2 protein chains.
Amino acid sequence: MAIHHALSGEMIDIRPLGNTIRATQSGTLYKTQHLEVFRMVLFAGKEIPEHKVVGESTVRCLEDSVEFSIGTTRDILRAGDLRCLAGGVTQSLLAIEDSSVLVTLLLHGA
Amino acid sequence: MAIHHALSGEMIDIRPLGNTIRATQSGTLYKTQHLEVFRMVLFAGKEIPEHKVVGESTVRCLEDSVEFSIGTTRDILRAGDLRCLAGGVTQSLLAIEDSSVLVTLLLHGA
């Protein structure tokens, strides 16, 4: 099923998914020419290997915890933690528990 | 006291302020040429009158609840609710309880 993209001003529920997390897909919640907001659902043990995001971004952990590496530095991002990142940063993620994170991406480039 | 601005990759705690909310100021957490992230602390009854934000923005309620009006439409934004907004939208806020919201602002213009 295609994930609904919100319109400007529409209310979007980003509360923890809890028991429904295993039935929830990652997906874009809002997208325009310059901005994309998406929720990434990561089951325990899931890894997003090293990659670079072109534009600036923010990553907020919505529930549970993910290991978030920038280059060789590993940190744990827990619910309520936010990270803002310059464009072009080499990063990777590893879900410690079933987790969800909210990513806000600037699409104008680095 | 000046509020610390985070660097790219720095961990920022945006958990609910709870008992410390009355001792916390609104402030910018991260700012670059294209992006500003700030936490707005609004004590119960505090109003941000009608205004327009030039660029696109996202507003996430971190704790408690605020009345968030777009034009003449009033909604309640509760903890865990997110709203993404096009630039130039006429909006106003009214805190129902002592509340905090996280605002992400694109600075490139509408």
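A brief look at the structure comes next.

What counts as what
- Residues numbered from 1 in each chain as written.
- Chains lettered and ligands numbered in written order.
- Predicted model: local features only at pLDDT ≥ 70, side-chain atom pairs only at ≥ 80, totals over all residues.
- Heavy atoms only, no water.
- Pairing = 2+ DSSP bridges.
- Helix = DSSP H or I, 4+ residues; strand = E, 2+ residues; numbered from the N terminus.
- Axes fitted to C-alpha atoms, helices over the stretch in contact; angles between N-to-C directions.
- Least-squares fit on C-alpha atoms with pLDDT ≥ 70 in both.
- Contact = heavy atoms within 4.5 Å.
- Salt bridge = Lys/Arg side-chain N within 4 Å of Asp/Glu carboxyl O.
- Polar contact = N/O pair within 3.5 Å; in protein donor to acceptor, adjacent residues only side chain to side chain.
- Nonpolar A, V, L, I, M, F, W, Y, C, P; charged D, E, K, R; others polar.
- Buried < 20%, exposed > 50% of the residue type's maximum accessible area, 1.4 Å probe, protein only.

### Overview of the sheet that holds strand β3 (residues 35-42) of chain A
Taken together, the six strands give an open sheet; going across it, the order is β2(A)-β3(A)-β10(A)-β5(A)-β8(A)-β1(B), and neighbouring strands pair in antiparallel fashion. Only two strands of the sheet have a single neighbouring strand rather than two, namely β2 (27-31) of chain A together with β1 (11-13) of chain B. Put simply, the sheet's adjacent strands are angled 20° from each other on average, direction ignored. Pairing geometry for strand β8 (residues 81-85) of chain A and β1(B), over three bridges, is antiparallel. The residue bridging A:Leu82 from the neighbouring strand is B:Ile12, located in β1(B).

### Some remarks on the relation of the copies chain A and chain B
Mapping chain A onto chain B calls for a rotation angle of 180° and an axial translation of 0.0 Å; the resulting RMSD is 0.0 Å. Viewed as a symmetry operation, the transformation between the two copies matches a two-fold axis. Relative to the rotation axis, the C-alpha of A:Leu106 is the closest in chain A, positioned 4.0 Å from it. A symmetric contact is evident, with 97% of the interface residues of chain A recurring at the interface of chain B.

### Concerning the interface of chain A and chain B
Between chain A and chain B, the residue contacts involve 36 residues of the former and 35 residues of the latter. Put simply, chain A and chain B have two salt bridges between them. Between A:Asp81 and B:Arg15 there is a salt bridge; the shortest N-O distance is 2.9 Å. Put simply, chain A and chain B have 16 residue pairs in polar contact (both at pLDDT 80 or more) between them. Counting only elements with at least two residues in the side of chain A that touches chain B, the list comes to β1 (11-13), β3, β5 (57-63), β7 (73-78), β8 and β10 (99-106) of chain A. When its residues are assigned to classes, the side of chain A that touches chain B shows 19 nonpolar, eight polar and nine charged.

### Looking at the pattern of salt bridges
Scanning the entire structure with this criterion turns up twelve salt bridges over all chains. Note that B:Arg22 and B:Asp98 form a salt bridge whose closest N and O atoms lie 2.9 Å from each other. Taken together, the positions of B:Arg22 in the loop between β1 and β2 (27-31) and B:Asp98 in the loop between β9 (90-95) and β10 (99-106) put the pair 76 residues apart, joining distant regions of the chain. Across the pair B:Asp75 and B:Arg83 runs a salt bridge, and its minimum N-O distance is 2.6 Å. Residue classification places B:Asp75 among the partly exposed residues on the basis of a relative accessible area of 26%. Residue classification places B:Arg83 among the buried residues on the basis of a relative accessible area of 3%. Each of the salt bridges in this network shares a partner with another, and the network as a whole consists of A:Asp13, A:Arg15 and B:Asp81.

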